[in-house]
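The residues making up each chain are set out below.
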Amino acid sequence: MEPSEVKVRFAPSPTGHLHIGGVRTALFNFLYARSVGGKFFLRMEDTDRERSREEFAKEILESMAWLGLSSDGEVFYQSKRLARYQEAAEDLIKHGLAYEEKVDSKRAIKFKMPAARAVFHDLVHGEIQFDASLFGDLVILKSDGYPTYQLACVVDDHEMEITHVIRGDDHLSNTPRQLLLFEAFGWKPPKYGHLPLILGADGAPLSKRHGAVSLENYRAEGFLAEGLLNYLALLGWGPPDNQEFFSLQDLIKKFSLKKINKASTQFDSLKLEWLNAQHIKKLPEAEYLAKITDFHKDLAKKFSPEKWKIIALLYRSRIKTFKDLTEEAAYCFSDIENYSEPMYDDFLNNRSLRAHLNAWLDRAGEFTGFDRPDEVEKMTRDAAQGWGIEARDLIHPLRFALTGKTVSPGLFELMSALGKETCVKRVRKFLKKT
Ligand code: GLU
């Protein structure tokens, strides 16, 4: 088969939020298609009338677009193809391969499971044997005229000319049933590859019990699509030279189905955060600023664009997700309620230090260059020099007074971003001056 003929699909059921495991399935399909010049399609498996919701379908599409994993053609909706599944089921009846069964005077259709022992070759797991005599006949059309997953999946994989079905291990038991349906229709089946299960830290399959598992949660935490995709690519796929940081383009270049592991893989939030931090650092500055500003719309509004930019850039190398900024730079967004003891007392009991801070307040009050970090620095250093003290003996207490912490990124940038009024107010409050 020519590589250019590869067609794969991601087929979510819109019965809930997009799960992180689903994103990994979508990504592996996408990477495979892109790496061999094939096509990647999206198919909404929305035939579960009770559980499917249009909002979820919309959300899934929006999430896929955010991730950059959009369909190479129109999105398929199974709910629009009911007549086609009914026709396919009737066809099997005509050929004696299915039969109808009355359910409360309504009619369902069941596929006669051939009593076959057979094997298929899985792209990840190799040879898999099965004994279909253990399966029992399979409902393919429900009494309400809706197809079951097995029928709709087979009909669509055939009509979409899917060449490779790449999905989670949880679908491994569906594959023999689907292969037998392909055979009954007289259609050539695609190749199948099942991705290893994702486990939580406790070794159980990743689920809601482990906290955030939906893509929405990760977006709300301020993860980048790049960081998430990079991490998910490593869940079950072993890159050739143990490389860890990948752009999407790199992943496409290096991805190979042959390197997918059989063994289940453990979700490691710390590694995800670490990789996300790397991606935050690597973003072009303008893109970083646009993204973090969009994420923190309300906070950003409280500052002038220049001051917000100072803050966003100061913390760039310290945050693992955009949300981290709220915590890391908390003192930029609200006043210090409590200084930690006993350090606060030590500072306050130091008379010369108090005198210097008071003198600094006088200087700052007259100073007009707060908009420029280099000017604030000069003013502060000149003051220290004038009083015959080391600059750090002024900078250290100022930092503590302004941030409540003994370490912070560039103090003069911070002072500039906070502005004169806030700096003066905080130092006064620190000195218990009202
Ligand atoms: N709708 C199925 C799911 O969300 C897709 C299974 C498949 O890829 O065949 O799990």
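Worth saying up front: this structure is predicted, and the values here are computed from it rather than measured.

### Brief notes about the packing of aromatic side chains
Here a ring pair, both rings aromatic, is described through the centre-centre distance and the interplanar angle of the planes.
Phase 1 of the analysis: The full count for this structure, using the stated rule, is 23 aromatic pairs.
Phase 2 of the analysis: An angle of 90° between the planes, with centres 5.3 Å apart, marks the rings of Tyr231 and Phe267 as edge-to-face. Note that Tyr231 is positioned in helix α7 (residues 225-233) and Phe267 in the loop between β12 (265-266) and α9 (269-282), a separation of 36 residues in sequence. The pair formed by Tyr231 and Phe267 is uniform in burial state, with each residue classed as buried.
Phase 3 of the analysis: Ring centres of Phe400 and Phe430 lie 6.0 Å apart, and the angle between their planes is 80°; on these two criteria the pair is classed as edge-to-face. Of this pair, Phe400 sits in helix α18 (residues 392-403) while Phe430 is found in helix α19 (residues 411-430), placing the two residues 30 residues apart along the sequence.
Phase 4 of the analysis: Owing to a relative accessible area of 0%, Phe430 belongs among the buried residues under this scheme.
Phase 5 of the analysis: By way of ring pairs, the aromatic residues Tyr339, Tyr344, Phe347, Phe400 and Phe430 are connected into one cluster.
Phase 6 of the analysis: Directly above the ring of Phe28 sits Arg24, whose terminal nitrogen or CZ lies 5.8 Å from the centroid.
Phase 7 of the analysis: The ring of Tyr288 has Arg316 lying over it, and the distance from NZ or CZ to the ring centre is 4.6 Å.

### Looking at the pattern of salt bridges
Phase 1 of the analysis: Enumeration according to the criterion identifies 31 salt bridges in this entry.
Phase 2 of the analysis: In this structure, the salt-bridge partner of Asp157 is Arg43, at a minimum N-O distance of 2.7 Å. Taken together, the residues span a long stretch of sequence, with Asp157 in helix α4 (residues 149-159) and Arg43 in strand β2 (residues 39-44) at a distance of 114 residues.
Phase 3 of the analysis: A salt bridge links Glu159 to Arg81; its shortest N-O distance comes to 2.9 Å. Of the two residues, Glu159 sits in helix α4 while Arg81 sits in the loop between β3 (76-77) and α3 (82-94), which places them 78 residues apart along the sequence.
Phase 4 of the analysis: For Glu159, a relative accessible area of 33% translates into the label partly exposed.
Phase 5 of the analysis: When salt bridges with common partners are traced through the structure, they connect Arg9, Arg43, Glu45, Arg81, Arg84, Glu87, Asp156, Asp157 and Glu159 into a single cluster.

Basis of the calculations
- Residues numbered from 1 in each chain as written.
- Predicted model: local features only at pLDDT ≥ 70, side-chain atom pairs only at ≥ 80, totals over all residues.
- Heavy atoms only, no water.
- Phe/Tyr/Trp six-rings, centres within 6.5 Å; stacked < 30°, edge-to-face > 60°.
- Helix = DSSP H or I, 4+ residues; strand = E, 2+ residues; numbered from the N terminus.
- Buried < 20%, exposed > 50% of the residue type's maximum accessible area, 1.4 Å probe, protein only.
- Lys NZ or Arg CZ within 6 Å of the ring centre and 35° of its normal.
- Salt bridge = Lys/Arg side-chain N within 4 Å of Asp/Glu carboxyl O.

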